[in-house]
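# Per-entry structural report
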Amino acid sequence: MRLTIIALAACLSAQAQMQNNQDRQMNCDHGNRSRDGKMVSHCEIKEQTIPAAGRVNVDGGRNGGVSVKGWLRNDVLVRARIETGAPSEGEARAMVSQINVSGAGGQIRADGPEFGNDRSWAVSYEIFVPQNSDVSVKVHNGGVAIADVRGTIEFDALNGGASLKRLAGAVRGKTVNGGLSVELMGDRWEGAEFNASTTNGGVSMLMPANYSARLETSTVNGNISVDFPVSVQGKIGRELAMSLGSGGPLVRAVTTNGGVHIKRKS
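Cut-offs and rules
Residues numbered from 1 in each chain as written. Predicted model: local features only at pLDDT ≥ 70, side-chain atom pairs only at ≥ 80, totals over all residues. Heavy atoms only, no water. Pairing = 2+ DSSP bridges. Helix = DSSP H or I, 4+ residues; strand = E, 2+ residues; numbered from the N terminus. Axes fitted to C-alpha atoms, helices over the stretch in contact; angles between N-to-C directions. Phe/Tyr/Trp six-rings, centres within 6.5 Å; stacked < 30°, edge-to-face > 60°. Buried < 20%, exposed > 50% of the residue type's maximum accessible area, 1.4 Å probe, protein only. Lys NZ or Arg CZ within 6 Å of the ring centre and 35° of its normal. Polar contact = N/O pair within 3.5 Å; in protein donor to acceptor, adjacent residues only side chain to side chain. Contact = heavy atoms within 4.5 Å.

So, on to the sheet that holds strand S11 (residues 150–159). By definition, the strands of a sheet pair up through backbone hydrogen bonds, in either a parallel or an antiparallel sense. Spatial strand order, S6-S7-S3-S9-S11-S13-S15-S20-S17-S19: 10 strands in an open sheet with mixed pairing. Each edge of the sheet is formed by a strand with only one pairing partner; in this case those strands are strand S6 (100–102) and strand S19 (239–244). With strand direction ignored, the average angle separating the axes of adjacent strands in the sheet is 5 degrees. Here five bridges tie strand S3 (residues 55–59) to strand S9 (residues 134–141), and the two strands are oriented parallel to one another. Following the sheet pairing, Val56 is matched in S9 by Val135.

The subject of this paragraph is the packing of aromatic side chains. For any pair of aromatic rings, geometry is given as the distance between the ring centres together with the angle between the planes. Tallying each qualifying case throughout the model produces two aromatic pairs. For the ring pair Trp71 and Phe128, a centre distance of 5.1 Å and an interplane angle of 35 degrees mean the geometry is tilted. In this pair, Trp71 is assigned in strand S4 (residues 66–71) and Phe128 in strand S8 (residues 120–130), connecting sequence segments 57 residues apart. We note that Trp71, like Phe128, is buried. Centre to centre, the rings of Trp189 and Phe194 are 5.5 Å apart; their planes meet at 65 degrees, and the pair counts as edge-to-face. Comparing Trp189 with Phe194 shows no difference in burial state: the two are buried. The cationic tip of Arg264 hangs over the ring face of Phe228; the distance from NZ or CZ to the ring centre is 4.1 Å.

Now for the side chain of Arg166. Inspection of the secondary structure puts Arg166 in the loop between strand S12 (162–165) and strand S13 (168–177). Here the side chain of Arg166 touches Gln19 through a polar contact of 3.5 Å, side chain to side chain. When neighbours within four sequence positions are excluded, Arg166 is seen to be in contact with Gln17, Met18, Gln19, Ala147, Asp148, Val149, Glu183 and Met185.

That's the geometry; what it means functionally is another story.
Rendered as structure tokens:
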């Protein structure tokens, strides 16, 4: 019972630090436009509300980014921005109706036909989920943003950066070509671990003052900078592993080609 109370207290502490995201920010403000004088693009946003299943799996497809935001509601809102390109505006508009966005069982993905040469389509997502949710995101050409969620969180990106803000639980993921931006909350990591990496891109980590963690970071081609005093042997080189404050779960963010900048919230 004591362990249950401690776990519940940690969960409530994490949730108190999270934001209740309500604003729908993704839009089609750019409207229809001509690309290279050969193709006309068309944009529409489709929305659907689905029951929360405890876990959300998002397949971003070949082109399109994914943003997942925690809120205090008990359902899931999927906002899909469908962008098409064709030789004429009428054809680009008609293509939208042939692209199906499905969210059944928390499995979010888009399917559509191969339209042939000089035609293209892509779907990006803005998804609102209960703050206590497991999340898995996979994208090919597009960024990943996950904020204000507690659970088992996984992401896998090829060409695009990753923004991870005010998370808790067990977070693991990687991107190949893109930066890694991390914002921590509270006075320690609430959950099993945070473990993220990028191959080609910098790492930026923002943490509260007096944060406690087992911090690990490294770079092969780049430098590490920390804008607050830390106790290390010798100079900070290209690898840093240390306990902050009273220690705690692992917080690890590494890169191969890029710099690392760790700073405190003002």
